[in-house]
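A look at the structure
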Amino acid sequence: MKMIAVANQKGGVGKTTTTINLGTALAQLGKKVLIIDLDPQANATSGLGAEADIDKSIYPVLMGQETIENSIQSTRFESLDIVVGHMDLSGVEVELANSNSRLTLLRTALAPLKKKEGYDYVLFDTPPSLGVLMTASIASADEILIPLQCEWFGLEGLAKITHIIRQIRESGHNDELALNGIVMTMYDSRTNLSKQVVREVETYFADEIYKTKIPRSIRISEAPSHGLTIFEHDPRGQGSRAYLEFAKEFAARG
Ligand SMILES: Nc1ncnc2c1ncn2[C@@H]1O[C@H](COP(=O)(O)OP(=O)(O)O)[C@@H](O)[C@H]1O
Ligand SMILES: [Mg+2]
């Protein structure tokens, strides 16, 4: 089982969209997947049509009041489960800001999942900030998957997050933390900017960048408002093809 944090401290880069569609694509490929929604905006929760019930969310798990096993809900996809997020998760930022265990508590809470060997992948959807929830996610994950929007300031964000990964490793809290890869999102093949950004990222992260790029697509952005994944909203479109292709590449990375 691998725990992967989908992270980038910048908002709107495609973290949630990637978590939802990668998760369902992996499930379609026969993998057993758990999505944990660690974002108070709970967009992965609503995007998968799950209910953001605070008692069943990751919140009491983080507070040590509930077990992870009791918090898992099934989704309409057979091998995809979810632990939902909730608006009140933001309280964790204050409640645990000065707690020594804030970096390790998620990892501790998720330890029973490692023992059970039930899931192939546990994907964390993380909030766009450098707060407790984001750092706890990174400190608890085996690997980080970075969605990067095909824009110049995406590159600055990349430098910041690779710095955070290094800091977490050096803190001794998670010295095996690895960069799973970088997936380029909202790629527009008609613009030079998209191509330039991809070329630039390829220069520095030749091994990490995924070959499959997620195209900018209205269908991808429409899907969550219907509570649907891209595979339901536009099964034959380029967005579906890209996310399925990406999932295959992701799974092949072992
Ligand atoms: N490939 C894409 N093409 C077009 N719009 C996208 C794409 N990926 C995400 N979006 C839209 O961009 C916005 C931000 O995406 P989201 O996944 O919520 O980012 P994050 O979780 O990083 O904040 C959302 O409105 C989403 O629907
Ligand atoms: Mg999000």
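You'll find the structure just up there.
I will try to describe carefully the structure that is included in this document. Remember, it's a predicted structure, so these values are computed and weren't measured experimentally.

**Side note on the overall build of the chain**
A tally of regular secondary structure across the chain gives 12 helices and 7 strands. Its C-alpha atoms give the chain a radius of gyration of 17 Å, near enough to 18 Å, the size a compact globule of 254 residues would have. Each of the 254 residues in the chain was classed as buried or not, and the buried ones make up 56%. Carbon and sulfur atoms make up 48% of the accessible area of the chain, which amounts to about 11200 Å² in all. In the chain, 26 positive and 32 negative side-chain charges are present, and the distance between their average locations comes to 6 Å.

**Description of the site of ligand 1**
Residues in close proximity to ligand 1 total 14 residues, the closest being Gly12, Thr16, Thr17, Pro215 and Ser217. In this structure, an oxygen atom belonging to ligand 1 sits 3.1 Å away from a main-chain N or O atom of valine 13. Ranked by residues supplied to the shell around ligand 1, first place goes to helix H1 (residues 15-28) with 3 residues.

**Remarks on the sheet that holds strand E1 (residues 2-6)**
Read from one edge to the other, the open sheet built from 7 strands follows the order E3-E4-E2-E5-E1-E6-E7, with strand pairing classed as mixed. Two strands bound the open sheet, and with one partner strand each, they are strand E3 (73-74) and strand E7 (178-185). Sheet analysis places strand E2 (residues 33-37) next to strand E4 (residues 80-83), joined by 4 bridges and oriented parallel. What sits directly across from valine 33, in E4, is leucine 80.

**Observations regarding the pattern of salt bridges**
Tallied over the full model, the rule gives 8 salt bridges. The closest approach of N and O atoms between lysine 114 and aspartate 142, which form a salt bridge, is 3.1 Å. Separated by 28 residues along the polypeptide, lysine 114 in helix H6 (residues 105-116) and aspartate 142 in the loop between helix H7 (132-140) and strand E6 (143-149) bring together distant segments of the chain. According to the relative accessible area criterion, lysine 114 is partly exposed, its value standing at 33%. What you see here is one network of salt bridges that share partners, running through Arg107, Lys114 and Asp142.

**A closer look at the nonpolar core**
Among the nonpolar cores identified, the biggest contains 50 residues, and Ile36, Ile58, Phe124 and Val201 are the most heavily contacted of them. Listed in part, the 29 residues of the second largest apolar core include Val6, Phe231, Ala247 and Phe250.

**Quick word on unusual backbone geometry**
One non-glycine residue, alanine 42, adopts positive backbone phi at about 50°. Mapped onto the fold, alanine 42 is located in the loop between E2 and helix H2 (43-47). Even without being a glycine, methionine 186 presents a positive backbone phi close to 55°. With respect to the helices and strands, the residue methionine 186 is situated in the loop between E7 and helix H9 (192-204).

Basis of the calculations
Residues numbered from 1 in each chain as written. Chains lettered and ligands numbered in written order. Predicted model: local features only at pLDDT ≥ 70, side-chain atom pairs only at ≥ 80, totals over all residues. Heavy atoms only, no water. Helix = DSSP H or I, 4+ residues; strand = E, 2+ residues; numbered from the N terminus. Rg over C-alpha atoms; globule rule 2.2 N^0.38 Å. Buried < 20%, exposed > 50% of the residue type's maximum accessible area, 1.4 Å probe, protein only. Areas by Shrake-Rupley, 256 points an atom, 1.4 Å probe, with all protein chains shown as cover. Lys, Arg positive; Asp, Glu negative; His and termini not counted. Charge placed at Lys NZ, Arg CZ, Asp CG, Glu CD. Near = heavy atom within 4 Å. Polar contact = N/O pair within 3.5 Å; in protein donor to acceptor, adjacent residues only side chain to side chain. Pairing = 2+ DSSP bridges. Salt bridge = Lys/Arg side-chain N within 4 Å of Asp/Glu carboxyl O. Core = buried A, V, L, I, M, F, W, Y, C linked by side-chain atoms within 4.5 Å.

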